[in-house]
Amino acid sequence: MSNVPFIVTTDWLEERLDDSKLRLVDATTFLKLPTSGYYDIWSGKEAYQKGHIPGAVFADLLEDLSDANAEYAFTLPPREEFIKKITELGVGDEDTYVVVYDQGAQVESPVVASDWASRLAWQLRYEGLENVAVLDGGFPKWKKEGRPVTTEAGSYPKASFSGERKPELFVNKEEVKQAIDDDNVIIINSLNEAAHKGEVNTYGRPGHIPGSVNVFFGDHSDSETLELYDDEKIRETFEKAGALDPDKKVITYCGSGIAATWNSTLLNKLGQHNVAVYDGSLTEWASDPDLPLETDK
């Protein structure tokens, strides 16, 4: 199957659960914000073992698909390492398509987003895989609708991977520094308003990258239905930020390059494809005292 949409619905997926070309991946990871200081992070493997969508394999973003030797959590791993791990899961460039989902927040949270799923989807696209989608509403919506759940681990044959890396989907801190004074680049902070204003200090220094606009990644879905708002409503949000101008580049960032991928995926869905993710995000940026931060306090 080609031309898989960026986002698919639970109806769409259930109709295709028995498709031999489907590669279904659970990318669950958990994050908890403490009252102060950096957040706690843990793998979703145990949650996967307790129940997941039938056929899904588990992809461990924390333990397997991030650079274990990097200074910051969730740094992109070397390409060879990523491809080795992902092809062992059966994900590659054969005549298949990939749907990624996650199980949402383990702790009670008003935020509805599939940002762990979008993180893996973004990594796959960055390395050159095209047919990748994120499941709207993820496992919480799937369960709420009474769809099938299993504890039986999924498996696929080992795959090959020959896609070429797309460097335009990634930016580093030097590129972000240059973008601050570039009118042709829109920088989006995907964190919540309090973090953007500098009212909380999670990363060692509070505030946002100068010139960045705040589009909270958790504002795009309905907390009751767990599904995305319609394109018109989401489009209005991004248009206010100036992010849908086809003549401009968009850079998204957050704390560790996770929530930023949810915004980048939705921008792609709306037709803005000139979008890059700042992988280091505020975890890296705030740790460098020479890099500027602004607050609204």
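Keep in mind it's a predicted model, so treat the numbers as computed, not measured.

The rules behind each value
- Residues numbered from 1 in each chain as written.
- Predicted model: local features only at pLDDT ≥ 70, side-chain atom pairs only at ≥ 80, totals over all residues.
- Heavy atoms only, no water.
- 1 Å grid on protein atoms, 1.4 Å probe; cavity = no way out; pocket = protein on both sides within 12 Å on 5 of 7 lines; lining within 4 Å.
- Points joined across faces, edges and corners; volume = space filled by probe spheres on them.
- Nonpolar A, V, L, I, M, F, W, Y, C, P; charged D, E, K, R; others polar.
- Helix = DSSP H or I, 4+ residues; strand = E, 2+ residues; numbered from the N terminus.
- Axes fitted to C-alpha atoms, helices over the stretch in contact; angles between N-to-C directions.
- Parallel < 35°, antiparallel > 145°, perpendicular 65-115°, else oblique.
- Contact = heavy atoms within 4.5 Å.
- Pairing = 2+ DSSP bridges.
- Core = buried A, V, L, I, M, F, W, Y, C linked by side-chain atoms within 4.5 Å.
- Buried < 20%, exposed > 50% of the residue type's maximum accessible area, 1.4 Å probe, protein only.
- Left-handed = near helix turned anticlockwise from the far one by under 90°.
- Phe/Tyr/Trp six-rings, centres within 6.5 Å; stacked < 30°, edge-to-face > 60°.
- Lys NZ or Arg CZ within 6 Å of the ring centre and 35° of its normal.

Draft legend 1. Expanded view of empty space enclosed by the protein. Inspection of the entire model under this criterion finds one cavity of 30 Å³ or more. Estimated volume of the largest cavity: approximately 40 Å³. Forming the boundary of the largest cavity are L191, A195, V200, T202, Y203, R205, P206, G207 and L282. Tallied by class, the residues present in the lining of the largest cavity amount to six nonpolar, two polar and one charged.

Draft legend 2. Structural view of the layout of surface pockets. Taken as a whole, the second largest pocket encloses approximately 350 Å³ of empty space. Along the wall of the second largest pocket there are 19 residues; nearest its centre are F6, R125, E130, K166 and N268. Of all the elements in the fold, those that place two or more residues in the lining of the second largest pocket are α4 (115–127), α9 (259–269) and β12 (275–278). Here the lining of the second largest pocket gets four residues from one element, more than from any other, and that element is α9. Across the lining of the second largest pocket, the residue classes break down as eight nonpolar, seven polar and four charged.

Draft legend 3. Inspection of the packing of α4 against α9 at higher detail. As a packed pair, α4 and α9 sit with axes 7 Å apart at the nearest point and diverge in direction by 70°. Comparing the axis directions of α4 and α9 gives the class roughly perpendicular. Residues D115, S118, R119, W122 and R125 of α4 form the contact with α9, whose participating residues are A259, T261, W262, S264 and T265. Counted by class, the contact of α4 with α9 contains three nonpolar, four polar and three charged residues.

Draft legend 4. View of the sheet that holds strand β6 (residues 97–101). In space, the five strands of this open sheet follow the order β1-β7-β6-β2-β5, with parallel pairing throughout. The open sheet has two edge strands with one neighbour each: β1 (7–8) and β5 (57–58). The sheet contact formed by strand β2 (residues 22–26) and β5 spans two bridges and is parallel. In the sheet register, V25 faces β5, and the bridge partner there is V57.

Draft legend 5. Region of interest: the nonpolar core. Grouped together as the largest cluster of nonpolar side chains are 88 residues, with contacts concentrated most on L13, L24, I53, V99, L120, L124 and F238. Ranked by the residues each element gives to this core, the list is headed by α4, at seven residues. Here L120 is in contact with V25, A27, A59, L61, L65, F82, I86 and V100, once residues within four sequence places are set aside.

Draft legend 6. Structural view of the packing of helix α3 (residues 79–88) against α4. Where α3 contacts α4, the two axes come as close as 11 Å, and the packing angle between them is 115°. Of the two elements, α3 crosses α4, and the hand of that crossing is left-handed. Across the interface between the two elements, R79, F82 and I86 of α3 pack against L120, Q123, L124 and E127 of α4. Looking at the contact of α3 with α4 residue by residue, the class counts come to four nonpolar, one polar and two charged.

Draft legend 7. Representation of the packing of aromatic side chains in the model. Per the stated rule, a full pass over the model turns up nine aromatic pairs. Taking the centre distance of 5.5 Å and the plane angle of 35° together, the rings of Y48 and F58 count as tilted. You can see Y48 sitting in helix α2 (residues 45–50) and its partner F58 sitting in strand β5, a full 10 residues away along the chain. The pair formed by Y48 and F58 is uniform in burial state, with each residue classed as buried. Chaining the aromatic ring pairs together yields one cluster made of W122, Y126 and F170. When the ring centre of W12 is taken as reference, the NZ or CZ atom of R16 above it lies at 3.9 Å. One residue, K233, lies across the ring of Y229, its end atom 4.9 Å from the ring centre.

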